[in-house]
Amino acid sequence: MAAQTGKAMLAGVIGRPVGHSLSPALHEYWLKKYGIDGAYIPLDVPEGAFNDVLKTLSLLGFRGANVTIPYKEQAFAAVSGMDEMARISGAVNTLVRQENGNFYGKNTDIPGFLENLRTGDVAPEKLRHAAILGAGGAARGIAAGLAMAGCPEITLLNRTREKAEILAQTLMEKGVSAIFHIKDWEARTEILGGIDLLVNTTQLGMLGQMPLEIDLATLPAAAAVCDIVYNPLVTPLLKDAAARGHKTVEGLGMLLHQAVPGFEAWFGVKPEVTGELHDIIAAMIAPC
Ligand code: NAP
């Protein structure tokens, strides 16, 4: 409705596919809540067209866009400036149009992850040793974010060990200071004794994927467990951790919190992540 005024502020999400993206519902909720004349549009961009689409969005006066798989690295290469989180992670998930028509790049997955931990009563700056399962795009940002928040020791475990080694090396070359330990994927149960946060960044445990096999018996009682997989909302890993009395942090919160800086930059209001918003988006993931 609002977009039909002809004056609506425009933003969207660029990806392929984007049909499954929850971001339009999230931003439309906030636009309505704050009475903003704006629209947030899913943009299914064909392979090879990313840079042309950016030019077109700029010409059309789009305030910016989110960028999702498979375009976060192309966005990193296309922007004319970027924040520290984007520089370190090598990925841009939020574009903000500047006055000259170029796009500035941000990585809001990292602050989104950290804010989600805080909301779950886990203070990243107090962590002593975190273990991250996986070494893909999400793990890279999460490892960087935890280190930058002050976690001094991080153990990385990935099915393809070499990728974890490259990840640690890349972060250190970019000036991220933490002690990185690389362990074999098979050692994931053995390393739990000395950590205070376990984060799953693989898709294991996601609906339709294989389960994550890990025995939490040796995880210290005070350690927290976070799973960035949000479908199901409460993954088998989180269920197991909660049953053993660990603090748990769901992945959906990361998705909600990463959206805040983009909305604020495009539409001028810092939106709130509320329980109501959580429940609306959760219902889209797991309809009753
Ligand atoms: P990605 O770059 O493709 O990385 C996938 C990771 O999972 C890799 O480390 C991969 O190991 C590992 N993996 C895949 N299949 C495996 C298996 N059978 N056994 C062991 N490890 C396996 O993906 P991503 O972008 O990092 O995303 C990962 C997950 O995080 C997805 O489920 C995504 O939906 C979720 N995510 C959530 C949020 C949020 O806001 N909550 C944000 C971003 C991502 P190899 O290197 O050995 O292949």
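Placed above this text is the structure.
Figured I'd write up the structure that's included with this text. (Residues numbered from 1 in each chain as written. Predicted model: local features only at pLDDT ≥ 70, side-chain atom pairs only at ≥ 80, totals over all residues. Heavy atoms only, no water.)

**Considering the site of the ligand**
Now for step 1: Close contacts around the ligand come from 22 residues, with Ala138, Asn158, Arg159, Thr160 and Gln203 the closest.
Now for step 2: The separation between an oxygen atom of the ligand and a polar side-chain atom of Lys163 is 2.9 Å.
Now for step 3: Between a nitrogen atom of the ligand and a main-chain N or O atom of Ile228, the distance comes to 2.9 Å.
Now for step 4: Of all the secondary-structure elements, those providing two or more residues to the shell around the ligand are helix H6 (137-149) and helix H9 (252-258). (Near = heavy atom within 4 Å. Polar contact = N/O pair within 3.5 Å; in protein donor to acceptor, adjacent residues only side chain to side chain. Helix = DSSP H or I, 4+ residues; strand = E, 2+ residues; numbered from the N terminus.)

**Quick notes on the pairing of strand S11 (residues 224-227)**
Now for step 1: Residues Ala224 and Cys226 of S11 are buried on one face, and the alternating residues Val225 and Asp227, pointing to the opposite face, are buried as well.
Now for step 2: Relative to S11, strand S10 (residues 197-200) runs parallel, the two sharing four bridges. Residue pairing across strands places Leu197 opposite Ala224, the latter belonging to S11.
Now for step 3: With helix H8 (residues 236-243) bridging S11 and the parallel strand S12 (residues 247-249), this β-α-β connection has right-handed handedness. (Buried < 20%, exposed > 50% of the residue type's maximum accessible area, 1.4 Å probe, protein only. Pairing = 2+ DSSP bridges. Right-handed = clockwise from strand over helix to strand, strands pointing away.)

**Digging into the pattern of salt bridges**
Now for step 1: Within the structure shown, the criterion is met by ten salt bridges.
Now for step 2: Here Glu115 ties to Arg118 by a salt bridge, and the two come within 3.5 Å at their closest N and O atoms. Here the residue Glu115 and the residue Arg118 both occupy positions in helix H5 (residues 109-119), the gap between them amounting to three residues, near one helical turn.
Now for step 3: Overall, the relative accessible area of 37% leaves Arg118 in the partly exposed class.
Now for step 4: Residue Arg161 pairs with Glu165 through a salt bridge whose shortest N-O separation is 2.8 Å. Here Arg161 pairs with Glu165, and both are found in helix H7 (residues 161-173), just four residues apart, close to one helical turn.
Now for step 5: Owing to a relative accessible area of 32%, Arg161 belongs among the partly exposed residues under this scheme. (Salt bridge = Lys/Arg side-chain N within 4 Å of Asp/Glu carboxyl O.)

**A few points about the packing of helix H1 (residues 23-33) against helix H10 (residues 260-267)**
Now for step 1: It is at 11 Å that the axes of H1 and H10 come closest, and there the two elements cross at 50°. Here H1 is positioned oblique relative to H10, judged by the angle of their axes. Judged by the sense of rotation from one axis to the other, the crossing of H1 with H10 is right-handed. Here His27, Trp30 and Leu31 of H1 lie close against H10, whose contacting residues are Val260, Phe263, Trp266 and Phe267.
Now for step 2: Partitioned by chemical class, the residues of the contact of H1 with H10 number six nonpolar, one polar and no charged. (Axes fitted to C-alpha atoms, helices over the stretch in contact; angles between N-to-C directions. Parallel < 35°, antiparallel > 145°, perpendicular 65-115°, else oblique. Left-handed = near helix turned anticlockwise from the far one by under 90°. Contact = heavy atoms within 4.5 Å. Nonpolar A, V, L, I, M, F, W, Y, C, P; charged D, E, K, R; others polar.)

**Structural notes on the packing of aromatic side chains**
Now for step 1: Inspection of every chain in the model, using the stated rule, returns six aromatic pairs.
Now for step 2: Aromatic pair Trp30 and Phe263: ring centres 5.4 Å apart, planes at 65°, arrangement edge-to-face. Of this pair, Trp30 sits in helix H1 while Phe263 sits in helix H10, placing them 233 residues apart in sequence.
Now for step 3: Judged by relative accessible area, which is 0%, Trp30 ranks as buried.
Now for step 4: Geometrically, the ring pair formed by Tyr40 and Trp266 is tilted, given 6.0 Å between the ring centres and 40° between the ring planes. Residue Tyr40 is found in strand S2 (residues 38-44), and its partner Trp266 is found in helix H10; the two are separated by 226 residues along the sequence.
Now for step 5: Taking the relative accessible area as the measure of exposure, Tyr40 reaches 2% and is therefore buried.
Now for step 6: Take Trp266: its relative accessible area is 0%, and that puts it in the buried class.
Now for step 7: The structure contains a cluster of three or more aromatic residues connected by ring pairs, namely Trp30, Tyr34, Tyr40, Phe263, Trp266 and Phe267. (Phe/Tyr/Trp six-rings, centres within 6.5 Å; stacked < 30°, edge-to-face > 60°.)

**Comments concerning the sheet that holds S12**
Now for step 1: Read across the open sheet, the six strands follow the order S9-S8-S7-S10-S11-S12; overall the sheet is parallel. Each edge of the open sheet is held by one strand with a lone partner, namely strand S9 (179-184) and S12. The average angle at which neighbouring strand axes cross in this sheet is 20°, direction not considered.
Now for step 2: The strands touched by H7 are strand S8 (153-158) and S9; relative to S9, the strand with the most contacts, the crossing angle is about 175°.
Now for step 3: Contacts from H8 reach S10, S11 and S12, with the element oriented near 165° to S11.

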